[in-house]
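As a plain string of letters, each chain reads:
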Amino acid sequence: MTLTLPTPAQPLKIGTRGSPLALAQAHETCARLMKAFDLPLEAFQIVSISTRGDRVQDRALRELGGKGLFSKEIEDRLLNGEVDIAVHSTKDMSVEQPEGLVLDTYLPRENPFDAFITLDGRALADLPQGAVVGSSSLRRKAQLLNKRPDLQVIEFRGSVQTRLQKLKDGVADATFLALAGLNRLGFDDVPRVAVTAEEMLPAVAQGAISIERRAADHHIADMLAAIHHAPTGQALACERAFLAKLDGSCQTPIAGLAQIVGGSLRLRGEILRSDGSESLSDDVSGAISDGPEMAVDMATKLLERAGEGFFDWK
Ligand SMILES: NCc1[nH]cc(CCC(=O)O)c1CC(=O)O
């Protein structure tokens, strides 16, 4: 197999959102390709592309609706050839890609769990009665209220810095962020306590970077194969099959985590009513290759248990 590799004269154009986290993820992808093929930095060009999700800051994202809130503009440029690959937070990606594109390269997953953030670094269990938590995630809100109906959850968006400032201003007592984001940005001094899977199961695909390409681009596919992390791909295929069967997105109160433990695959899943009044969950293990099948099975059983009317967020 002969690979066609990028050169400084014909660089690989990497499409990404322009947020600090998105750029860090594009740089990680770039660094892995440089290492795999001993390429210079000049063989890559990072193209930052603004998406609708980036432009709308003042309204809750879920009110916007629509698929590909954080990816459509990037996917359009991939389809018209302006960029060669696109790097994404898989958590923000819908379960199906537009015709002609595939999402099948995964980098090794970062920590998939949530971080609980307060100014004094206390744990979730130490949050006083009636405290105010800032989060715009329906999942986090529902999970939190399910365990702690005494808490008040308010809308919270913006960068890590904005959120910390809001805590300092007393707008809220605590917030959540993905640990993966904090780690990738190198925010080591942000006080945080990792939330366990038992306390709050993370969102499907949290902490996993994926790379999208044109389906017909076999040279690109061959090149990306060198940086694909198969265990992450297997876990993500399972989680995304779970989400697909539930017809969910990153903006629905659904949680799911697949982990490879000692040669088998463990899948934990949860669906909630958005006010947190009810939560249904399951925990199964099986062969790694049966991941997607296990996920569909779990989702089907959860839907049966939930019955009509459970999905008030639909
Ligand atoms: N929806 C926002 C989003 N999408 C991906 C991440 C974090 C990085 C990741 O999960 O890979 C975040 C921020 C957050 O949840 O704190």
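Scroll up a little and you will see the structure.
Predicted model, so just to flag it, every value in this text is computed and none were measured. (Residues numbered from 1 in each chain as written. Predicted model: local features only at pLDDT ≥ 70, side-chain atom pairs only at ≥ 80, totals over all residues.)

Trainee: Go over the overall build of the chain, please, and point to the residues and values.
Mentor: What the chain contains, in helices and strands, is 10 helices and 13 strands. For the chain, whose C-alpha radius of gyration is 20 Å, the value lies close to the compact-globule estimate of 20 Å for 314 residues. Across the 314 residues that make up the chain, the buried fraction comes to 41%. The long-range fraction of contacts in the chain, counting pairs at least 24 apart against all pairs at least 6 apart in sequence, stands at 72%. (Helix = DSSP H or I, 4+ residues; strand = E, 2+ residues; numbered from the N terminus. Rg over C-alpha atoms; globule rule 2.2 N^0.38 Å. Buried ≥ 20, exposed ≤ 12 C-beta atoms within 10 Å, placed from the backbone. Contact = placed C-beta atoms within 7 Å.)

Trainee: Just give me the short version of helix α4 (residues 72-79), but keep the residues and values in it.
Mentor: For α4, every residue scored as buried is listed here: Ile74, Glu75 and Leu78. One side of α4 carries all its buried residues, which in axial view fall inside an arc of 95°. At the exit of α4 stands Gly81, carrying a positive phi of roughly 85°. (Arc of directions from axis to C-beta.)

Trainee: With reference to specific residues and values, describe helix α1 (residues 20-37).
Mentor: With 18 residues, α1 should cover 26 Å at 1.5 Å per step; its first-to-last C-alpha distance of 26 Å lies within 8% of that length. What α1 keeps buried is the set Ala22, Gln25, Ala26, Thr29, Cys30 and Leu33. The arc enclosing the buried residues of α1, seen along the axis, measures out at 140°, which places them on a common side. Taken together, the buried residues of α1 touch β1 (12-16), β2 (44-48), β3 (85-89), α7 (179-185) and β10 (209-214). Positioned one or two residues after α1, Asp38 has a phi angle of 55°, which is positive. (Expected span 1.5 Å × (residues − 1).)

Trainee: If you had to explain the sheet that holds strand β8 (residues 174-178) to someone new, which residues and values would you point to?
Mentor: The strand order β7-β6-β8-β5-β9 describes an open sheet built from five strands, whose pairing is mixed. Only two strands of the sheet have a single neighbouring strand rather than two, namely β7 (152-154) and β9 (193-194). Two elements, strand β5 (residues 114-117) and β8, share four bridges in a ladder whose sense is antiparallel. Across the sheet, the residue bridging to Ala115 is Leu177, located in β8. (Pairing = 2+ DSSP bridges.)

Trainee: Please set out the site of the ligand residue by residue, giving values where relevant.
Mentor: As a matter of local geometry, the ligand sits amid 10 residues, with Ser89, Leu177, Ala178, Gly181 and Gln206 nearest to it. Breaking the shell around the ligand down by element, the ones donating at least two residues are β8 and α7. Looking at the shell around the ligand residue by residue, the classes come out as four nonpolar, four polar and two charged. Each of two domains, domain 1 (12-108 + 208-228) and domain 2 (114-194), supplies a minimum of three residues to the shell around the ligand. (Near = placed C-beta within 6 Å. Nonpolar A, V, L, I, M, F, W, Y, C, P; charged D, E, K, R; others polar. Domains from an automatic or database assignment.)

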